[in-house]
Amino acid sequence: MENVLLGLEVLSRWDVAIAILCGSIGGVIIGAIPGVGPAVAIAILLPATFSMEPIVGLTLLLGIYGSSMYGGAIPAILINTPGTPVNALTTYEGYPMTTRGEARRALSLAYAASFFGGIFSVICLILVAPILAKVAPLFGSREIFLAAVLGLVLVVIAHKENMLAAGMLACFGIFLNSVGLEPVKYTSRYTFDQSWLANGIDLIVVVLGLFAISQAYFLMSGDDVKIRVNKVRGNLFQGFKELSRHPVIAGISGVFGVVMGIIPGVGEFTAQFMSYTTAERMSKRPKAFGHGSSEGLIASETANNAVPGAAMIPLLALGIPGEALTAMMLSVFYVHNVIPGPGLFLYQLDFVTALYLALLILNIVVVIFLMFATNFLVQLVRIPNRYLGVCILALGFVGVYSLRNNPSDCAMAAVFGLLGYVLRRLDLPIIPIILGMVLGGIMEVKFRSSMSRVKEPLDFIDRPIASIIFIVLVVILLIHFLRVIKEWKPRKERKWTYRKASGKFGRLMFNRRRHMLDDRGKVLRDLQLMSPARKKED
Amino acid sequence: MLISAFGNEMLELKLITPPKPTRGQSVFAVCFLGFALVLFLLLPYQTTRVESATWHTQPGFWPIISITGMVIFGVFHLWRLPRRKFEKMDLKEATLWVRGFEFVLWFMAYVLLVPLIGYLPSTLIFVLPMIYRQGYRRPFYFYCGALFVFAVVVFFKVLLEVKIPGAALYEMFPENVRNFLILNF
């Protein structure tokens, strides 16, 4: 209770209050514009927050992160285009409801479910915080190193369709982190004798390039889509009443959101897919899923809004970001010399509580804002894509240039933007590069410090938490490899069947041609010429 | 592991999402693998071996780990592609990537213009022609563009006080005006 009061005291400052207000409202607006998303906005605003106090900067970024999914539901429901990528599932249920003339119901339900998810995760965090305060000090260098490895493995595995690409891009991220002067021996690594590479490649430059500038290129090279949207009339509070009729689905989805948020590298997508499928299994009307089911909408919106709060746990307790947005937030900590990790829970619990309370308040602010501003936000989807691309590129410049006023940073960001553009066109993941960079840095430092205390390999996992993480890591890898092998056989069989079918026809034609042309064919042709029918004709 | 527990249902959901594009995949995979191999070959020249250091404190330890990972994953990625042979659509896709350099040039021109003529004028010079280049011709779009530029400059330079230095052009103005321009635009 004392910590809650201390946290409230921190939040009562005018600059923090303004940050919460701007972050939450700005986040909703950003989320409502398809093509922008929280990652782009946070990347652009990141350098600007460096001059602010950590609590002000973090509440601003947290506001954008936590509220963007509220806004993302608006275009997902009304025009079948998710405002943020994590609102993709909302389109499956929300848009069919709109086509039935139930847009208001869908929107109000999405707001209510998002609000429930957000509040649920914050309550969980407040309850979990004292436990974390006890457990976090047990994490030493070895444990943090193993947790970082686990995070990286989960990031790669989570990209199920692009796992190999995610692996190579994560390694590329680790490589990018290693460029520059090595921090202990001060020897250069991959600097090619260029002074501008001696300080290494800045994470913010890469983030801005891969998220903001690449998105601008992507939008500018695409086409505009003509959108027709109607006004939403009536009371938007009815969703809360409807949500209260589905407490089990909302509760389970909230739990999925919190658990998946805590696990590094898993995030909103898995949380919402799992809660959606669970809701479908539990529903009395599973056939309605995909055709405007209110339960499906509740499941997806609750789960994705429960993630941001939970994603802060590995970041604050261990200093390990689970996904790109928390990785960006980590840099705010570093700039201000606030080291997230076990010490934060021990010595700055008021700071941690203030962040959780900020999440709680921003959810309330967002819902109040949405009740009055939905019709305004609906109009934002009309901004043409290519026009939006120009705006993002101009904003991207501020982000990069304000870092060090260095044109070489801008050039690097522009090149990373081009790489991000290519990855977006190929539908390959960008996030592993960022997490590879962040976790690669953590792994390098923690591995070095932990190896100084290790004499034999088994010493590395002789402590209880280290051994638990190691076992989890091995089990995950084992299960994953078994699954790959299990899927391998039918896939290979399918491939063979396909090749056999197409190859068979080609081979048949080839053999027939060869047969007709070779000596045996010649004999046959001669025989055919000498056939009784021919002989008769002759 | 967690995903596999929901295997079939998740697969059904994934069927709703559009399949991954195949065009350009092989070009990217080959280029990435080539890049990784070049880095691998440069390892002895771009990292230093310190005699007194143990294997895990060698400066080249993490570059070796990461580049080896890039090569191994890169080889498997290329091998597991649905189609490895280059086709016309791959080259067409690669041409589109190269055309993306146009945006890089626009961006760099903007970057180089800022220290010369200032943040507000250079942003106007960048945004308005860019809007024209993107095919918007109605005056409405240009008015909105100008308003956007002004709002961005005020928000970042005045409210958030981000560090963007004054321009060479501002030196030509009287001191009072120059100070105002440096602080706000």
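Because the structure is predicted, anything quoted here is derived from the model rather than measured.

**Digging into the overall build of chain B**
Point 1. In terms of helices and strands, chain B carries eight helices and zero strands.
Point 2. Start at the N end of chain B and walk to the C end: the helices and strands fall as α-α-α-α-α-α-α-α.
Point 3. The proportion of buried residues among the 185 residues of chain B is 23%.
Point 4. In chain B, of all internal contacts separated by at least 6 residues, the share reaching a separation of at least 24 is 64%.

**Some details on the overall build of chain A**
Point 1. A count of helical and extended segments in chain A gives 23 helices and two strands.
Point 2. Projected onto its principal axes, the C-alpha positions of chain A cover 115 × 65 × 50 Å.
Point 3. In chain A, the proportion of contacts linking residues at least 24 apart, taken out of those at least 6 apart, comes to 80%.

**Observations regarding the interface of chain B and chain A**
Point 1. Taken residue by residue, the interface counts 64 residues in chain B and 59 residues in chain A.
Point 2. Counting residues per element, the side of chain B that touches chain A draws most heavily on helix H3 (residues 61-79) of chain B, which supplies eleven residues.
Point 3. Its residues assigned to classes, the side of chain B that touches chain A shows 42 nonpolar, 17 polar and five charged.

**Structural notes on the nonpolar core**
Point 1. Within the largest apolar cluster, 219 residues are counted, with the highest numbers of intra-cluster contacts made by Ile42(A), Ala43(A), Val207(A) and Ile434(A).
Point 2. Of the domains in this structure, domain 1 (24-98) and domain 2 (101-184) of chain B are the two that each give at least three residues to this core.

**Re the domain arrangement of chain B**
Point 1. Each domain of chain B was delimited in the assignment, giving domain 1 (24-98) and domain 2 (101-184).
Point 2. Computed over C-alpha atoms only, the centres of domain 1 of chain B and domain 2 of chain B are separated by 39 Å.

**Topic: the packing of helix H7 (residues 141-158) of chain A against helix H20 (residues 431-451) of chain A**
Residue and element names in this part refer to chain A.
Point 1. Close contact between H7 and H20 brings their axes to 8 Å; oriented N to C, the two are set at 155°. The angle between the axes of H7 and H20 places the two elements in the roughly antiparallel class. As H7 packs across H20, the resulting crossing turns out to be left-handed. Listed contacts from H20 to Ser 141, Arg 142, Ile 144, Phe 145, Ala 148, Val 149, Gly 151, Leu 152, Val 155 and Val 156 of H7 are Ile 431, Pro 432, Leu 435, Gly 436, Leu 439, Ile 442, Met 443, Lys 446, Phe 447, Ser 449 and Ser 450.
Point 2. Among the residues forming the contact of H7 with H20, the class breakdown is 14 nonpolar, five polar and two charged.

**With respect to the environment of Met163(A)**
All names here are of chain A.
Point 1. In this structure, Met 163 sits in helix H8 (residues 163-178).
Point 2. Put simply, Met 163 and Leu 428 are 265 residues apart on the chain and 9.7 Å apart in space, counted from C-alpha to C-alpha.
Point 3. Non-local contacts of Met 163, meaning those with residues more than four positions away in its chain, are made with Val 156 and Ile 157.

**Some details on helix H7 (residues 139-159) of chain B**
Point 1. In a regular helix each residue adds 1.5 Å, so 21 residues correspond to 30 Å; H7(B) covers 29 Å between its end C-alpha atoms and thus fits that length.
Point 2. Along H7(B), the positions that sit buried rather than exposed are Gly145(B), Val149(B), Val153(B), Phe156(B) and Lys157(B). Buried residues along H7(B) cover an arc of 90° about the axis, so they all sit on one side. Projecting away from the buried face of H7(B) at angles above 90 degrees are the exposed residues Phe140(B), Tyr143(B), Leu147(B), Ala151(B), Val158(B) and Leu159(B).
Point 3. Contacts from the buried residues of H7(B) go to helix H3 (37-49) and helix H18 (385-404) of chain A together with helix H6 (119-133) and helix H8 (175-184) of chain B.
Point 4. Following H7(B) by one or two positions, Glu161(B) adopts a phi angle in the positive range, close to 55°.

**As for unusual backbone geometry**
Point 1. The phi torsion at Asp193(A) lies on the positive side, around 60°, for a residue other than glycine.
Point 2. Within the secondary structure layout, Asp193(A) lies in the loop between strand E2 (188-189) and helix H9 (195-198).
Point 3. In the Ramachandran plot, Glu161(B) falls in the positive-phi region, its phi being about 55° despite a non-glycine side chain.
Point 4. Relative to the assigned elements, Glu161(B) resides in the loop between H7 and H8.

**A few points about the packing of H18(A) against H7(B)**
Point 1. At a minimum axis separation of 11 Å, H18(A) and H7(B) run at an interaxial angle of 25°. Classified by the angle between their axes, H18(A) and H7(B) sit roughly parallel to one another. In terms of crossing hand, the pair formed by H18(A) and H7(B) is right-handed. From H18(A), Tyr387(A), Cys391(A), Ala394(A), Leu395(A) and Val398(A) reach across to H7(B), where they touch Tyr141(B), Phe148(B), Val152(B) and Phe156(B).
Point 2. Class assignment of the residues belonging to the contact of H18(A) with H7(B) gives a composition of nine nonpolar, no polar and no charged.

**Overview of H20(A)**
Because each turn of an α-helix spans 3.6 residues, side chains separated by three or four positions end up pointing in the same direction.
Point 1. With 21 residues, H20(A) should cover 30 Å at 1.5 Å per step; its first-to-last C-alpha distance of 29 Å lies within 8% of that length.
Point 2. Across the 21 residues of H20(A), 17 count as buried, placing the element largely inside the fold.

**Brief notes about the confidence of the model for chain B**
Reading fine detail from the predicted coordinates is not recommended where pLDDT is low.
Residue and element names in this part refer to chain B.
Point 1. Of all residues in chain B, 90% have pLDDT values of 70 or greater, and the mean over the chain is 84.
Point 2. The low-confidence segment residues 1-16, where pLDDT is below 50, has 17 contacts with residues more than four positions distant or belonging to other chains.
Point 3. Across the predicted assembly, pTM comes out at 0.81 and ipTM at 0.88.

**Regarding the environment of Phe73(B)**
Point 1. Relative to the helices and strands, Phe73(B) resides in helix H3.
Point 2. Residue Phe73(B) is classed as buried on the basis of its C-beta count, with 24 C-beta atoms lying within 10 Å.
Point 3. In the structure, Phe73(B) is positioned 35 residues away from Met108(B) in sequence and 33 Å away in space, judged by C-alpha atoms.
Point 4. For Phe73(B), the residues in contact, after removing those within four places along its chain, are Leu164(A), Gly167(A), Met168(A) and Cys171(A).

**Structural notes on the confidence of the model for chain A**
Point 1. Here chain A averages 82 in pLDDT, and 93% of its residues register 70 or above.
Point 2. Across chain A, element-level confidence peaks in H8(A) with a mean pLDDT of 93 and bottoms out in helix H23 (residues 532-537) of chain A with 56.

Reading the values: the criteria
Residues numbered from 1 in each chain as written. Chains lettered and ligands numbered in written order. Predicted model: local features only at pLDDT ≥ 70, side-chain atom pairs only at ≥ 80, totals over all residues. Helix = DSSP H or I, 4+ residues; strand = E, 2+ residues; numbered from the N terminus. Buried ≥ 20, exposed ≤ 12 C-beta atoms within 10 Å, placed from the backbone. Contact = placed C-beta atoms within 7 Å. Nonpolar A, V, L, I, M, F, W, Y, C, P; charged D, E, K, R; others polar. Core = buried A, V, L, I, M, F, W, Y, C linked by C-beta atoms within 7 Å. Domains from an automatic or database assignment. Axes fitted to C-alpha atoms, helices over the stretch in contact; angles between N-to-C directions. Parallel < 35°, antiparallel > 145°, perpendicular 65-115°, else oblique. Left-handed = near helix turned anticlockwise from the far one by under 90°. Expected span 1.5 Å × (residues − 1). Arc of directions from axis to C-beta. pLDDT = per-residue confidence, 0-100.

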